[in-house]
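Chain by chain, the residues run as shown.
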Amino acid sequence: MNVPHFISRSPRRVGIVLAIATIALATVAALLLRHDQTPQPPAPPEPPAVGVIELREQTVSLTSELPGRVVAREISEVRPQVSGVIRQRLFEEGATVQEGQLLYVIEDAPYRAAVVSAEGRLAEATATIQSTRSKARRYDALLSQAAISRQDAEVARDAYAQAQASVRTQRGALDAARADLGFTRILAPISGSIGRSFVTVGALVQAGQLAPLALINRTDEVYVDVRQSADRMLDLRDSYDSGNLGPDEDPATAKMRLILPNGRAYAHDGTLRFSEAVVDPTTGSVAMRALFPNPDGKLLPGMAVRVVFTEGIRQRAILVPQQGITRDAKGGGIALVVGDDDRVVRKAVVADRTVGSQWLVTAGLSAGDRLVVDGLSAAQPGQRVRPVAPQHAMPGVPDEEASR
């Protein structure tokens, strides 16, 4: 076997050659490995996910809530019509009294005496009329026979006429005395709840005094007075004229609801009775009055309540969850909408009132718009996003609409 000359000469040379070859192979492998670890350019980021809902038109009943004050259906001030000393009080304070019920008794001795005196004067006048009538008839007969002068006959007739007038006068005085005697018994002018008595037994009262003896409030039905601003009424009229708002029912029989001071709804509905035809120049508002039944006496005069009434029906309304509308520095409404190319579009909207927990948008949005309600911080105008269903159910939005 023939061996190469440089190998056959020395085994040491063979080892050196092998070492050099090994180092070369290692260097090549390191270079290849280093080439494989060179950083690659990053992949483009995925668009942020935002929760959107698709808006749709719907029919909405619009209501207003205004502060009101309860007023008794009827209020009667119990007052004396004659002067005297109170001898009896015949009612319990806070009780319900009926019309014609006896409340107070005034000392009537002077008035009974006045009736007796008036009866005596009437009897005297009645007796006088008999004699003057007989004399007048007799003088008329003598005058026809020319037995007396005409002047004497006329004097007799005048005396008879004066006697007749005196009888009428005394009869009127007797009626007045009897009426004053009747006024010593003070009766309830209306049925209702009577309050505290402002006088006690033994107190002196006078006809025409300023202070009443007691107050009676009829509260089986009560009024609630409210005020609405004139500009709001003009807005409603414009909405009706433009066709944006339709009547829900006849205003003359429109139902009205009450919210009590404790926040609970009153069980009985009321009806609007009238609305004044003038504007209060000091407040710029119009007074309205509603009538509510009060069978259990829960509504008390003077109570502050809130009245809820229906303004009308708005067709093709756009309702938006409140988190879908933000405000700029001037208070204007701002909404973010996802366009057909999945890019965010910033829109100015008009949303001046709420319906429940949603904004009623009257300008700026339309049916079919995809409104951003989740992830607003990640959605910037012009940015491409990935629309998804909102994380939480939106009020008034069905699940199938939110998932589009």
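Just so we're clear, the structure is a prediction, and the values are computed from it rather than from any experiment.

Attention now moves to the overall build of the chain. Regarding its fold elements, the chain presents six helices and 21 strands. Looking at the 404 residues of the chain, the share that counts as buried comes to 31%. Here the chain displays about 24600 Å² of accessible surface, and carbon together with sulfur accounts for 53% of that area.

As a further point, take the sheet that holds strand E6 (residues 185–187). A sheet is described by the order of its strands in space; here four strands give the open sequence E6-E5-E3-E8, paired in antiparallel fashion. With one partner strand each, in any of the chains shown, E6 and strand E8 (204–205) form the two edges of the open sheet. Of the pairings in the sheet, the one linking strand E3 (residues 84–89) to strand E5 (residues 102–106) comprises three bridges and is antiparallel in character. Looking at the pairing, Ile86 lines up with Ile106 of E5.

The pairing of strand E11 (residues 255–259) with strand E12 (residues 270–275) spans two bridges and is classified as antiparallel. Pairing of Lys255 across the sheet is with Thr271, part of E12.

The next thing to look at is the environment of Ile190. Note that Ile190 resides in the loop between E6 and strand E7 (192–194). The class of Ile190 is buried, set by a relative accessible area of 15%. Spatially, the C-alpha atoms of Ile190 and Gln101 are 9.0 Å apart, while their sequence positions differ by 89 residues. Beyond its immediate stretch of four places on either side in the chain, Ile190 contacts Glu74, Ile75, Ser76, Val97, Gln98, Glu99, Ile216 and Arg218.

We now examine helix H4 (residues 150–183). Helix length check: H4 (34 residues) gives 50 Å between terminal C-alpha atoms against 50 Å at 1.5 Å per residue, within 8%. For H4, the full list of buried residues reads Ala153, Ala156, Tyr160, Ala163, Val167, Gln170, Leu174 and Ala177.

Here we take up the confidence of the model for the chain. If pLDDT is low for a region, its predicted coordinates should not be looked at in detail. Per-residue confidence for the chain averages 82 on the pLDDT scale, and 80% of its residues sit at or above 70. Ranking the elements of the chain by mean pLDDT puts helix H6 (residues 399–402) last, at 46, and E5 first, at 97. Contacts for the low-pLDDT stretch residues 5–9, under 50 throughout, to residues beyond four places or in other chains number three contacts. Predicted confidence is poor over residues 398–404, with pLDDT under 50, and the contacts of this stretch with residues over four places away or in other chains come to 11 contacts.

Definitions and cut-offs
- Within any chain, residue numbers begin from 1 and follow the written order of that chain's sequence.
- Confidence filtering applies because this is a predicted model: local features only for residues at pLDDT of at least 70, side-chain atom pairs given and counted only at 80 or more, and all residues used for totals across whole chains, interfaces and linings.
- Note that the side-chain values use all heavy atoms of the structure and ignore hydrogens as well as water.
- Helical segments are the DSSP runs of H or I of at least four residues, strand segments are the runs of E of at least two, and each set is numbered from the N terminus.
- For every residue, the accessible area (1.4 Å probe, protein chains only) is compared with the maximum for its type, and the residue is labelled buried under 20%, exposed over 50%, or partly exposed between those bounds.
- To be clear on the numbers: accessible area is Shrake-Rupley with a 1.4 Å probe, and residue cover counts the displayed protein chains and nothing else.
- Note: two strands are recorded as paired if DSSP finds a minimum of 2 bridges between them.
- Only heavy atoms enter the contact rule, under which two residues are in contact if any of them lie within 4.5 Å.
- The span expected for a helix works out to 1.5 Å for each residue beyond the first.
- A residue's pLDDT is the predictor's confidence in that residue, given on a scale from 0 to 100.

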